[in-house]
Amino acid sequence: MMKKNFIVFIFCLLAAVSCTKNNPSKPTGLTEEVTFEQVGTIESIGLMEHYELMIQQSTAGNADEDPGLLAYLQEQLDAAEDYTDECLNQSGANWGEGYDGKKGKNGLLGYQYATIRYKSIDHNGNPADLSTLVVWPYNNIFSNPDPNNVIIGCHVTISSNAERPSNYNANSVLTDVGMLACCAKSNGVGSSYENLVIIPDYQGYGATHGEVHPYLSQDLTARQVLDGVRAGIAYYTQKIGKLEKGWRSVSTGYSQGGSVAMAVHRYIEKNNLVSDFNFAGSVCGSGPYDPLATLKKYVKMEYVYMPVAAAMMMYSMCKTSPRLKGKYDLDDFLPKSFTDTGIIGMIEDKQLNTDEIQDSLLRYSAKVEGYNSGKFFMERKEKGTSNFYEYIKDTKDMYKWEPGLIKTARAAMTKVLERESHEYFYWGGRPQFLTGDYKATKALIQALEDNVLHRDWTPAHPIFLYHTEEDEVVVIDNYQECLKAWEGSDMVKAAIYKGATETHVSYGKYFYLFHCGQGIKAILNGKVDDYPFSRTIKGEL
């Protein structure tokens, strides 16, 4: 559910290398045949270049960018240069041969990446070709290091195909994919933290961009991701290098990626796949682990701040859930006031990112004919103010939205959820207040319950949970319901973040830059017991 801005990219087949490996003793619950086909060329990003790009992209058009974040990025850039100098000194290389200052250093340490396609299944159980990004460390001073860990990266909610992980070379390093990719960078001499990072495109994007995206279909997505991980490992070990003996894996992600990372953790344990992936645990940030609790809270709040997420959930459930598919239509759950905005077409076209969809909803709301007709859809966050935002003129005498509008506008749940379903959730299903049979709503509840991750499962391997207290998109109830279900578990390490970056989108950067790595290293280094069952992080990162 986190937004990302991307450059549109035409995905071209530049080169193809294929390999098929039969696996007669396939693990339960995964595709029998492990295959991969490289799509495009292998690309590289230097360690220093990565942080230079992060600084540039953080400051571009952002006069109010967090100075603490920029200071941290500069520290990382300086450290990257120190790593490089250390390698050069140990190698005895002559600095005067083949290098030209910082620009030359950028080609010495970093990471490389490629896209592959692999076999899995779709929401109907039919064979499907999916795609994934595979990222690994490189070292041009010494030989490439053998990764000693596999990071299973799970990406955030996207609404445009251009945002897919496999389109990384056309996108920003400030995205979740960029921050996950950086986990594969070569960390210098003698590092014990060299990672192979595998970030699959979810169904509906990349190789399957013409298919429906099964949003929050937890088991299906986990299965598809793990098929991608097996293919990524096969590609790397057969075409690029080898993994260090005793390697382990960790799943991680933020927002929708946080729930997928947890779903991967659960799928591995429930299908006895721990040894197949040498699985060590997961690190999950602000994820919709409990979609039923999320929808209930939206109704209780009376508003939703990212209505496209609610629409994607209903659309996906109607298209892919056995509880709803072929039995109920979108009209059973989404009112005409919502579908009239064109939201379904935006989801199906996969051309606009979530900010652009939010903008489209706002523009729909501000149509001249809508000011006094009651046709508005979005409205202000602040109570007691007008339901409409004003256009303002910029320096070129062009009209635009007020600054910050896209992130603060919200939609009333009565305009997002069909009347009968809204009524049922509003009254908590209490029969004395209800008048219909609510068959569609009850089927929806069952479909959502099927995808509640904390039910009928307690983690047997460490899981770190991070959430902001004031998350307006993925409400904190998701975090709280997990803690209730797993109270007292030694495997659960949870933290609430209270700071200046408490909104869902703004905390995403900090999760990846600070807390994600903290959790991963604690799991891999056997330091899990250093953390309590739950804690509060007050501003410090």
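Structure report, in brief. (Residues numbered from 1 in each chain as written. Predicted model: local features only at pLDDT ≥ 70, side-chain atom pairs only at ≥ 80, totals over all residues. Heavy atoms only, no water.)

1. Notes on the overall build of the protein
Keep this limit in mind: Put simply, DSSP H or I for four residues or longer makes a helix, DSSP E for two residues or longer makes a strand, and each gets a number counted from the N terminus. For every residue, the accessible area obtained with a 1.4 Å probe (protein chains only) is divided by the maximum for its type, and the residue is called buried under 20%, exposed over 50%, and partly exposed between those limits. Each accessible area value is a Shrake-Rupley result obtained with a 1.4 Å probe; residue values ignore everything except the protein chains displayed when judging cover.
When helices and strands are tallied, the protein shows 17 helices and 16 strands. Residue burial in the protein is summarised as follows: out of 541 residues, 58% are buried. By element, 47% of the accessible surface of the protein is carried by carbon and sulfur atoms, the whole surface being about 22300 Å².

2. Observations concerning the nonpolar core
Counted only if it meets this: Throughout this description, the term nonpolar core refers to a set of buried Ala, Val, Leu, Ile, Met, Phe, Trp, Tyr and Cys residues connected via side-chain atoms within 4.5 Å. Note on definitions: a residue-residue contact is assigned when non-hydrogen atoms from the two residues lie within 4.5 Å.
In this structure, Leu 196, Leu 226, Met 262, Val 264, Met 314 and Leu 465 are the most contacted members of the largest nonpolar core, which totals 104 residues. Sort the elements by how many residues they give to this core and helix H9 (residues 307–320) lands first, with 10 residues. Not counting residues within four places of it along the chain, the set of residues in contact with Leu 465 comprises Met 262, Cys 284, Tyr 289, Tyr 479, Cys 482, Leu 483, Trp 486, Lys 493, Ala 494 and Ala 495. One finds Leu 47, Leu 133, Val 177 and Tyr 497 within the second-largest nonpolar core, a separate group that totals 57 residues.

3. Let's talk about the packing of helix H8 (residues 291–301) against helix H14 (residues 419–426)
Selection rule: Structural elements are reduced to axes, namely lines fitted to C-alpha atoms, with helices fitted over the stretch in contact, and the angle between N-to-C directions of any two is expressed from 0 to 180 degrees. Each angle is binned into one of four classes, with values under 35 degrees roughly parallel, values over 145 roughly antiparallel, values of 65 to 115 roughly perpendicular, and all other values oblique. For this scheme, ten residues count as nonpolar: Ala, Val, Leu, Ile, Met, Phe, Trp, Tyr, Cys and Pro. Four count as charged, namely Asp, Glu, Lys and Arg, and the remainder, Gly too, count as polar.
Following both chains from N to C, one finds H8 and H14 inclined at 95°, their axes separated by 9 Å at the closest point. For the element pair H8 / H14, the angle class is roughly perpendicular. Touching Leu 292, Leu 295, Lys 296 and Val 299 of H8 are His 422, Phe 425 and Tyr 426, all from H14. Across the contact of H8 with H14, the residue classes tally to 5 nonpolar, 1 polar and 1 charged.

4. Examining H8
When H8 is considered as a whole, its buried residues turn out to be Pro 291, Leu 292, Ala 293, Thr 294, Leu 295, Tyr 298 and Val 299. On its buried side, H8 packs onto strand S9 (303–304), H9, H14, helix H15 (439–449) and helix H16 (477–485).

5. Remarks on the packing of aromatic side chains
Applicable threshold: Under the pairing criterion, centres of Phe, Tyr and Trp rings, with the six-membered ring standing for Trp, must be within 6.5 Å; the plane angle then separates stacked pairs below 30 degrees from edge-to-face pairs above 60, leaving the rest tilted. Two limits define a charge over a ring: the Lys NZ or Arg CZ must be within 6 Å of the ring centre, and within 35 degrees of the ring normal.
What the rule picks out here adds up to 20 aromatic pairs. Considering the side-chain rings of Tyr 510 and Phe 514, the 5.8 Å spacing of their centres and the 20° angle between planes classify their relative orientation as stacked. Here the residue Tyr 510 and the residue Phe 514 both occupy positions in helix H17 (residues 504–524), the gap between them amounting to 4 residues, near one helical turn. According to the relative accessible area criterion, Tyr 510 is buried, its value standing at 3%. Aromatic ring contacts, followed pair by pair, group Tyr 254, Phe 464, Tyr 466, Tyr 497, Tyr 507, Phe 511, Tyr 512 and Tyr 531 into a single cluster. For Lys 350, the ring lying beneath its charged end belongs to Tyr 205, and the centroid distance is 5.3 Å. Lying across the ring of Tyr 303, Arg 410 places its NZ or CZ 3.4 Å from the centre.

6. Concerning the pattern of salt bridges
For clarity, the threshold we go by: Any Lys or Arg side-chain nitrogen located within 4 Å of an Asp or Glu carboxyl oxygen qualifies as a salt bridge.
By the definition in use, this model includes 11 salt bridges. One salt bridge in this structure joins Asp 340 and Lys 336, with 2.8 Å as the shortest N-O distance. Here Glu 481 ties to Lys 484 by a salt bridge, and the two come within 3.4 Å at their closest N and O atoms. With Glu 481 and Lys 484 both in helix H16, this residue pair falls 3 residues apart, about one helical turn. By relative accessible area, Lys 484 is classed as exposed at 59%. When salt bridges that share partners are traced, they join Arg 223, Asp 227 and Arg 230 into one network.

7. What to know about unusual backbone geometry
Positive phi, normally seen in glycine, also occurs at Leu 216, with a value near 65°. In this fold, Leu 216 is placed in the loop between strand S6 (195–200) and helix H5 (218–240). Its relative accessible area of 3% is what places Leu 216 among the buried residues. A positive phi is found at Glu 302, a non-glycine position, where the angle reads about 75°. Counting through the fold element by element, Glu 302 comes out in the loop between H8 and S9. Here Glu 302 falls in the partly exposed class, since its relative accessible area comes to 44%.

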